[in-house]
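# A closer look at the structure
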Amino acid sequence: MVFNTAAVSTPSAAQGTAGTGRGTAADRHNWSVLARETEKDLAKSILNDPSKAGVVITGDAGVGKSSMAGALVTDLGATHLVLHLRNSSATANTPYGGLGFLLARLPRGSADSPTAVLHGVAALLKADAGDRPVVLVVDNAGSLDEMSTGVVMHLLLTRSAKMVALCQNTADLPPDFHWLLQEGQLGSVTLHNLSLEQTKQVLSAILGGPVSAGTAAGLHTASGGNPFYLQSLVVREQGGGNLALKGSVWTLREPIAQHNSGGVEELFRGRWARQAPEAREVIEMLSLARHVSLNELAMLYGADIVADMEDEGTIVVDHSDRHWVSLREPYFGDAVRGWLPTPRRRELFARLLGAAELSPETMSDRDLLGYVAWSQDCGVEVSPELALAAVEAAVRLLSPALAIKHAESIDASAAEWFPAQLRRAEALLLLEQPREALSVLDEAMVIRPTGLPDCDYVDYVVIRCRVLSWIPDSSESIPALLHNARLRMAECLDEAGTVDSGKLLHARNALELAELDYLCFVGDYAAAVPRLERAYQEPGETDEEFRLRCGIALIGGWCITGREMDALALAAEIGAVLKDEPELDQLYDEFLGQYFAALMLTGRWQQCVAILQNALEDSAGRLQFFGGVAEMSLGLTYVYAGRGQQALGPLLSGIAQLELRPTRNILIVAYAATAFAYAQTGNHAQAYKYLELMVASPGPTSWQTQSAASFCGAMARRWLGDPAAKARLLASARQDIDAGRWTTAGISLLGATVPGTEEEFRLIEEVAAHRQGPLAELGRLVALGSRTKKAKVLLEAGEAARALSLDAVEARCMALAVDYARDAGDVASARVAQTRLDALSRVMPALPVAPRTGAPLLTARERQVARLAGRGSSNKEIAAQIGVSIRTVEGHLYQVFTKLGVASRSDLVDLV
C-alpha cells in the first residue's frame with residue numbers, strides 16, 4: 001500500500017515562502033491572499049457556520065487555492081487540529097491513499113476492515129484533538145480515492161470534522177462531496193485571477209513600497225493576474241535587476257520579455273496534458289493563432305468541445321460580430337507556443353488557413369499581428385502588403401518594437417518599403433528616439449523608389465514635422481517645410497491637370513492638420529482657433545476624421561483662449577460621437593487629453609481624478625507605455641487643487657517611470673509639480689531639490705507642457721517665499737494676454753497676487769471678463785474683494801472656491817476676509833471666516849496666507865473647551881472632564897471668544 005506521508009499541520013507548517021533563497025522573504029500565501037479579503041472572509045464565515053460541513057475552494061491551477069487554505073489555517077491557529085490530505089494521480093487509485101499517514105497509526109490488521117478503519121480514524125482524531133475542532137484540508141479533492149472519501153464523509157456527517165476542499169471545478173469533486181454541495185451542507189468560494197488593482201496591492205505589500213502604474217500593468221499583463229505566474233515573474237525580474245527601486249518606487253527598467261521558468265512551464269504542461277486530445281489541439285491552435293472565430297473553431301473541432309472548454313474557463317468568446325475565441329490566459333498560450341516544434345506549427349497553420357494568404361482588410365489589428373506572427377513562426381513568407389499592414393497595426397497598438405521588426409522585413413525594392421519606413425519613424429518616436437526617426441526619414445528619401453506618390457510625400461512631410469518638434473532647435477523649420485509641401489502639391493496639380501480627388505483631399509487635410517498641430521504646439525492659438533472653427537463647423541468638402549481631429553484640437557484652443565464652457569460643451573458633443581463610432585477609437589486618446597486639460601483649467605479637478613483613476617485601473621496594456629504620464633497627470637491634478645500631500649504618491653511614481661522611459665519631455669512638469677507639492681506640505685528642502693531638477697530638464701516641449709511647468713515652478717517658489725516668483729507669474733500672464741490666452745493668464749494672475757496691487761486686481765477682473773465659467777468668476781470675486789477690501793465679497797469667493805474643492809484658494813479668501821472684517825468691525829463675517837480658516841488648517845499642512853491681524857487659530861485645547869461650552873457644559877463640568885482648573889477653562893474661553901469674535905456660548909454651537 002502506498003501511503004501519503006503528510007503530517008498534522010500547525011499554523012507555521014501551513015505556510016511557505018514566495019521566494020526563499022530567490023530574492024524575497026515574503027510569506028508565500030501573501031501573494032494571492034493579500035488582495036482577497038472578501039473571498040477569505042466568505043470562506044471563514046462558511047467554515048464557522050454550524051450548519052455547514054465545510055467549504056470548497058475552486059479556481060484554476062496557480063490561482064491561489066492552497067494559499068487561501070493556508071491563510072484560513074493560519075487564522076484558526078492552535079485552537080483547531082488541522083490535517084492536510086494531499087492527493088495526486090498516484091494516490092487516486094490506491095485504497096485509503098489519502099489517509100495513509102493515519103492508517104499507519106492504527107492497530108495491526110485494522111486496515112483490512114473498512115468499518116475498523118472508519119472507527120479507528122475517528123478515534124485517533126478525537127484523541128489528538130481533545131476539545132479542539134478538527135479541520136481537514138483536502139488538496140486536489142478530485143483525486144481523493146473512494147475509500148478515503150467514505151471515511152471523510154463519515155467524519156463530516158457525524159460532525160467529527162469540517163473540511164476545506166480544493167479543486168479546479170466543483171464538477172471534479174467526488175460524487176459524495178458533490179452531493180453535500182448540492183444539499184447545501186458545503187459552501188463554495190471561487191477564486192479568479194487578480195484584477196489590475198489587486199495585482200498592484202499585492203505587489204506593493206510584497207515589495208514593501210509603492211509600485212509604479214506601468215510596472216503593475218506590465219506584470220499584470222504578463223501574468224494575466226495569476227498569482228503563481230506573478231510570483232515567478234517578480235522573482236525573475238527582481239533577481240535579474242529589471243525590477244528595481246527608482247527613488248522610492250518599484251519600477252521595471254525594460255518591458256518584460258516572455259519567458260517561462262521551469263516551475264511555471266511544468267504547471268502549464270500539466271494542465272495541457274490533463275485535457276482531452278481535441279481540447280489539447282484547440283489550445284495549440286489558439287496559442288499560435290491568438291484568435292480564431294467561433295464558427296471556424298466549431299467547424300474544425302465540434303461545437304461540443306468548444307462549449308465544454310468555454311464552460312471550464314479555458315477559452316473565452318468575445319461579443320464582436322465574429323465572436324473571436326482566445327485562450328482566457330494569454331501566458332498559457334505563450335508557454336504552449338514555446339514548446340511546439342515548427343512542423344507541428346505548420347500543420348496547424350495549414351489546417352486552419354490552407355495555402356491562401358488572408359487579406360488585412362478582413363482582420364482587426366490584433367488578429368493581423370497574430371496572423372503575421374504565426375506565419376513567421378511557421379517559416380511562411382509574408383507578403384510586403386501584409387507586412388506593411390502589420391507595421392501600421394503595431395504602431396496603432398503602441399507596439400513600437402514590433403512595428404520596427406516588421407518594417408525591417410520589407411525589401412527596399414517593394415512599393416511598400418517607403419510607407420513602412422514612415423511608420424518605422426513613428427515607432428521610433430514612440431520610443432522617444434526622434435533623432436533616430438529623423439535618420440530613418442532622411443535615408444528613406446535618399447533611396448526612395450522612383451515615382452514616389454504624392455500622398456506618400458505628404459505623409460513623409462507630416463511625420464517629419466512631428467519628429468522635428470521634439471529635436472532641439474528644429475521646430476522653427478516646420479513652417480517652411482509645410483509651405484514647400486503645399487507648393488509641391490500645387491505643381492503636381494498644374495502638371496497632371498487632373499488628380500484623384502480623394503487623394504488630393506487627404507493630402508490637403510493632412511497638411512492643414514500638421515500646420516494646425518504646429519500652431520497649437522507653439523501656443524499660437526490666436527492663429528489656430530479660427531481655422532479650427534472653420535474646419536469643424538463649416539467642413540465643406542472634407543472627411544469626418546479630419547473634422548473631428550480639428551474639433552478635438554478646438555477643445556483645447558477654446559479652453560485656453562477663455563471659452564472654457566464652450567470647450568466643455570464641445571467635448572460633450574465630440575465624446576458622444578466617438579462613443580457611437582467604434583471605428584474612430586484611434587481618436588479617443590487625443591480627445592481624452594484635450595478633455596482632461598479643459599476640465600483642469602475650469603477647476604473640475606475631481607472629474608480629472610475620476611478619469612485618471614479609471615485609466616489606471618482599466619488600461620493595463622496601455623499603462624506599460626503611458627503609466628508614467630497617467631500618474632504624473634493625477635499628481636498634477638491634486639497639486640492644482642492644493643492637495644500636495646495626495647499629489648506626492650502619484651508624482652513620485654510618475655517620475656520613476658518617466659526617468660526610465662521619457663515621454664514627450666513631460667518630465668519637466670513632473671519635477672515642477674513635485675516641487676509645488678512639497679512646498680504645499682512645508683518640505684522646503686525637497687521642494688528646492690525638484691526645482692533644481694526642473695531647471696536642468698533638457699529637451700523641447702510643447703507650449704502646454706512648458707506653461708504647466710513654469711506655473712508649478714513659480715507657484716512652488718511663491719510658497720517658499722521667493723520674492724522673484726511674483727514677477728515670473730506676472731510676466732507669464734502678460735505674455736498670455738498678448739497672445740489671447742486668457743484662461744492661463746487668469747490662473748497665473750491669481751497665483752501672483754498674494755498680495756497684489758490695485759492695478760493687478762483690476763487686471764484680473766479685466767481678464768475674467770474675457771473668460772467663462774466658475775473659475776473665471778472665482779478669480780473676479782477674489783480680485784474684487786481684495787481690491788475693495790470687502791469681507792463679504794471674499795466670503796462669497798471662498799464659497800465659490802469651496803464648491804470647487806479648491807482648499808488653498810478658499811484659505812486665501814478666508815484669511816483676507818478675517819483681516820478686512822476686523823478692520824471694518826464686522827464681527828459676524830470675521831467669525832465665519834475665522835471658523836472656516838480654522839477648519840482648513842486641520843486639513844492643510846500649511847496655509848498659503850495667514851491673517852494680517854495675527855489672530856492665531858484655535859489650539860487643540862481651545863477647540864476642545866469651545867466644543868464642550870457650545871454643547872452647554874458649565875466651566876466646572878469642563879474643568880472636571882478635561883482635568884484642569886476652572887480658572888484655566890475661563891482663560892481658554894476668553895481666548896476663544898476673542899479669536900472668533902463671539903460674545904456668548906450660544907454663538908459657539910455652529911462654529912466648532
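Once a new chain begins, its residue numbering starts again from 1 and follows that chain's sequence as written. Restriction of local features to residues with pLDDT of at least 70 applies here, the model being predicted, together with a cutoff of 80 or more for giving and counting side-chain atom pairs; totals for whole chains, interfaces and linings are based on all residues. Note that water and hydrogens are dropped before the side-chain values are worked out from all heavy atoms of the structure.

### Topic: the overall build of the protein chain
Heads up, the rule is: Only runs of H or I of at least four residues qualify as helices and only runs of E of at least two qualify as strands under DSSP, and these elements are numbered from the N terminus. A simple rule labels every residue: compare its accessible area, found with a 1.4 Å probe on the protein chains alone, to the largest value its type can have, and call it buried under 20%, exposed over 50%, or partly exposed in between. Here, two residues are considered to be in contact whenever any of their heavy atoms come within 4.5 Å of each other. Each accessible area is a Shrake-Rupley estimate made with a 1.4 Å probe; only the visible protein chains count as cover when residues are assessed.
Scanning the protein chain from N- to C-terminus turns up 45 helices and eleven strands. When each of the 912 residues of the protein chain is scored for burial, the buried share is 54%. Once local pairs closer than 6 in sequence are excluded, the contacts in the protein chain between residues at least 24 apart make up 67%. Accessible surface, the protein chain as shown: approximately 39200 Å² in total, 52% of it carbon and sulfur.

### A closer look at the nonpolar core
Our working definition: Only buried Ala, Val, Leu, Ile, Met, Phe, Trp, Tyr and Cys residues count toward a nonpolar core, and they belong to the same one when joined by side-chain atoms within 4.5 Å.
Within the largest apolar cluster, 233 residues are counted, with the highest numbers of intra-cluster contacts made by Trp374, Val461, Ile574, Leu778 and Leu806. Take this core: its biggest share by element is twelve residues, from helix 33 (residues 667-680). When residues no more than four places from it in sequence are discounted, the contact partners of Trp374 are Met285, Leu288, Ala289, Arg290, Arg345, Leu348, Phe349, Leu352 and Leu353. Counting 35 residues, the second-largest nonpolar core is a separate cluster that includes Val117, Leu124, Ala129 and Val138.

### Side note on the environment of Asn169
Take Asn169: it is sitting in the loop between strand 5 (162-167) and helix 8 (175-182). Among the residues examined, Asn169 registers a relative accessible area of 28% and is labelled partly exposed. Taking the C-alpha atoms as reference points, Asn169 and Val56, 113 residues apart in sequence, are found 9.4 Å from one another. Apart from residues no more than four positions distant in its own chain, Asn169 is found in contact with Thr58 and Glu312.

### Overview of the packing of helix 35 (residues 703-719) against helix 37 (residues 742-752)
Just so we agree on the cut-off: Between the N-to-C directions of two axes lies an angle of 0 to 180 degrees, each axis being a line fitted to C-alpha atoms and, for a helix, fitted only over the stretch in contact. Here the angle decides the label: under 35 degrees means roughly parallel, over 145 means roughly antiparallel, 65 to 115 means roughly perpendicular, and every other value means oblique. Residue polarity follows a fixed list, in which Ala, Val, Leu, Ile, Met, Phe, Trp, Tyr, Cys and Pro are nonpolar, Asp, Glu, Lys and Arg are charged, and the others, Gly among them, are polar.
Between helix 35 and helix 37, the least distance of the axes is 10 Å, while the angle of their chain directions is 10°. Overall, the two elements helix 35 and helix 37 adopt an arrangement that is roughly parallel. In this structure, helix 35 uses Trp703, Ser707, Phe711, Met715 and Arg718 to contact helix 37, whose residues at the interface are Thr744, Ile747, Ser748, Gly751 and Ala752. Considering only residue class, the contact of helix 35 with helix 37 consists of five nonpolar, four polar and one charged.

### Here's the deal with helix 32 (residues 644-660)
Helical geometry note: an α-helix holds 3.6 residues per turn, so side chains three or four residues apart project in the same direction. For the record, the criterion: Residue count minus one, scaled by 1.5 Å, sets the expected span of a helix.
Under the 1.5 Å per step criterion, the end-to-end length of helix 32 is 24 Å for 17 residues, consistent within 8% with the ideal 24 Å. Taken together, the buried positions of helix 32 are occupied by Gly644, Ala647, Leu648, Pro650, Leu651, Leu652, Ser653, Gly654, Ile655, Ala656, Gln657 and Leu658.

### Focus on the packing of helix 9 (residues 196-207) against helix 10 (residues 213-223)
To keep it simple, the criterion reads: By the definition used in this description, the sense in which the near helix is turned from the far one sets the handedness, with an anticlockwise turn below a right angle giving left-handed and a clockwise turn giving right-handed.
Look at helix 9 against helix 10: their axes get within 9 Å of each other, and the N-to-C directions meet at 110°. Taken together, the axes of helix 9 and helix 10 lie roughly perpendicular to each other. Crossing handedness for the pair helix 9 and helix 10: right-handed. Of helix 10, the residues touching helix 9 (which contributes Leu196, Thr199, Lys200 and Leu203) are Ala213, Ala216, Ala217, Leu219 and His220. Across the contact of helix 9 with helix 10, the residue classes break down as six nonpolar, two polar and one charged.

### What to know about the state of the cysteines
Let me state the cut-off plainly: By disulfide we mean two sulfur atoms from cysteines, separated by a distance within 2.5 Å.
In the structure shown here, the tally under the stated rule is zero disulfides. Of all cysteine sulfurs in the structure, the one in Cys608 sits closest to Cys559, which takes part in no disulfide; the separation is 9.9 Å. Looking at Cys559, the relative accessible area reads 1%, which means it is buried.

### Focus on the confidence of the model for the protein chain
Predicted coordinates in regions of low pLDDT should not be interpreted in detail. For the record, the criterion: A residue's pLDDT is the confidence the predictor assigns to it, expressed on a 0 to 100 scale.
Per-residue confidence for the protein chain averages 84 on the pLDDT scale, and 89% of its residues sit at or above 70. In this model, residues 1-29 is a region of pLDDT below 50 whose contacts with residues beyond four sequence positions or in other chains number 64 contacts.

### Observations concerning the sheet that holds strand 11 (residues 324-327)
Worth spelling out the cut-off: Between any two strands, pairing holds if DSSP finds at least two bridges.
Pairing within the open sheet is antiparallel, and its three strands lie in the order 9-11-10. Each of the sheet's edge strands pairs with one partner strand only, and the pair in question is strand 9 (292-293) and strand 10 (315-317). Two strands pair when backbone bridges link them, and strand 9 and strand 11 are joined in this way by two bridges, in the antiparallel orientation. Bridge pairing links Ser293 to Trp324 in strand 11.

### A closer look at the environment of Leu47
Residue position: Leu47 is located in helix 2 (residues 37-48). By relative accessible area, Leu47 is classed as buried at 7%. Distance in space between the C-alpha atoms of Leu47 and Leu72 is 9.2 Å, their sequence separation being 25 residues. Residues contacting Leu47, with those up to four places away along its chain left out, are Gly54, Val55, Leu76, Lys162, Met163 and Val164.

### Quick word on the pattern of salt bridges
Our working definition: Just to be clear on terms, a salt bridge is a Lys or Arg side-chain nitrogen sitting within 4 Å of an Asp or Glu carboxyl oxygen.
Under the definition given, this model contains 36 salt bridges. We note a salt bridge from Glu659 to Lys246, for which the minimum N-O separation is 3.7 Å. Taken together, the residues Glu659 in helix 32 and Lys246 in strand 7 (residues 243-246) connect sequence positions 413 residues apart. Taking relative accessible area as the criterion, Glu659 reaches 31% and is therefore assigned partly exposed. Judged by relative accessible area, Lys246 falls into the partly exposed class, the value being 28%. As a salt-bridge pair, Glu590 and Arg549 come within 2.0 Å of each other at their nearest N and O atoms. Of this pair, Glu590 sits in helix 29 (residues 588-601) while Arg549 is found in helix 27 (residues 544-560), placing the two residues 41 residues apart along the sequence. Glu590 sits in the partly exposed class, given a relative accessible area of 33%. Looking at Arg549, the relative accessible area reads 18%, which means it is buried.

### Topic: the environment of Leu203
Position of Leu203 relative to the elements: it lies in helix 9. A C-alpha to C-alpha distance of 9.5 Å links Leu203 and Leu34, two positions 169 residues apart in sequence. If we ignore the near neighbours within four places in the chain, the residues touching Leu203 are Gly208, Val211, Ala216, Leu219, Leu230 and Val234.

### With respect to a negative patch on the surface
For clarity, the threshold we go by: Patch membership requires over 30% relative accessible area and the absence of a salt bridge. Like charges are linked within 9 Å, and nonpolar side chains (Val, Leu, Ile, Met, Phe, Trp, Tyr) within 5 Å. For the purpose of counting charges, residues Lys and Arg are taken to be positive, whereas Asp and Glu are taken to be negative. His and the chain ends are not included. The atoms used to mark charge sites are NZ of Lys, CZ of Arg, CG of Asp and CD of Glu.
A cluster of like negative charges, contributed by Asp172, Asp304, Asp308, Glu310, Asp311 and Glu312, occupies part of the molecular surface. Inspection of the secondary structure assignment puts Glu312 in helix 15 (residues 303-312).

### Observations concerning the pairing of strand 5
Of all the six residues making up strand 5, six are buried; the element is thus mostly covered by neighbouring parts of the structure. With burial as the criterion, each face of strand 5 is covered, one bearing Lys162, Val164 and Leu166 and the other bearing Met163, Ala165 and Cys167. As defined by bridge partners, strand 2 (residues 54-58) adjoins strand 5 across five bridges and the pair is classed as parallel. Paired with Gly54 across the bridge in strand 5 is Met163. Judged from the four bridges that link them, strand 4 (residues 134-139) and strand 5 form a sheet pairing that is parallel. Among the inter-strand pairings, Val138 is bridged to a residue of strand 5, identified as Ala165.

### Let's talk about unusual backbone geometry
Residues apart from glycine generally show negative phi values, whereas peptide bonds are mostly found in trans. Of note, the bond from Val754 into Pro755 is cis; its omega dihedral lies within 30 degrees of zero at -5°. Non-glycine residue Asn140 carries a positive phi angle of around 50°. If you trace the backbone, Asn140 turns up in the loop between strand 4 and helix 7 (146-157). Since its relative accessible area comes to 33%, Asn140 is described here as partly exposed.

### So, the side chain of Ser287
Convention followed: N or O atoms closer than or at 3.5 Å make up a polar contact, with two conditions inside protein: a donor-capable atom paired with an acceptor-capable one, and, for residues adjacent in sequence, both atoms drawn from side chains.
Structurally, Ser287 can be placed in helix 13 (residues 277-289). Reaching out from Ser287, the side chain makes a polar contact with the backbone oxygen of Glu284 at a distance of 2.7 Å. If we skip the residues at most four places from it in the chain, Ser287 touches Leu327, Gly333, Val336, Arg337 and Leu340.

### Things to note about helix 38 (residues 758-768)
Along helix 38, the residues that are buried comprise Glu760, Phe761, Leu763, Ile764, Glu765, Val767 and Ala768. Along its buried surface, helix 38 packs onto helix 36 (725-738), helix 37, helix 39 (774-788) and helix 41 (807-823).

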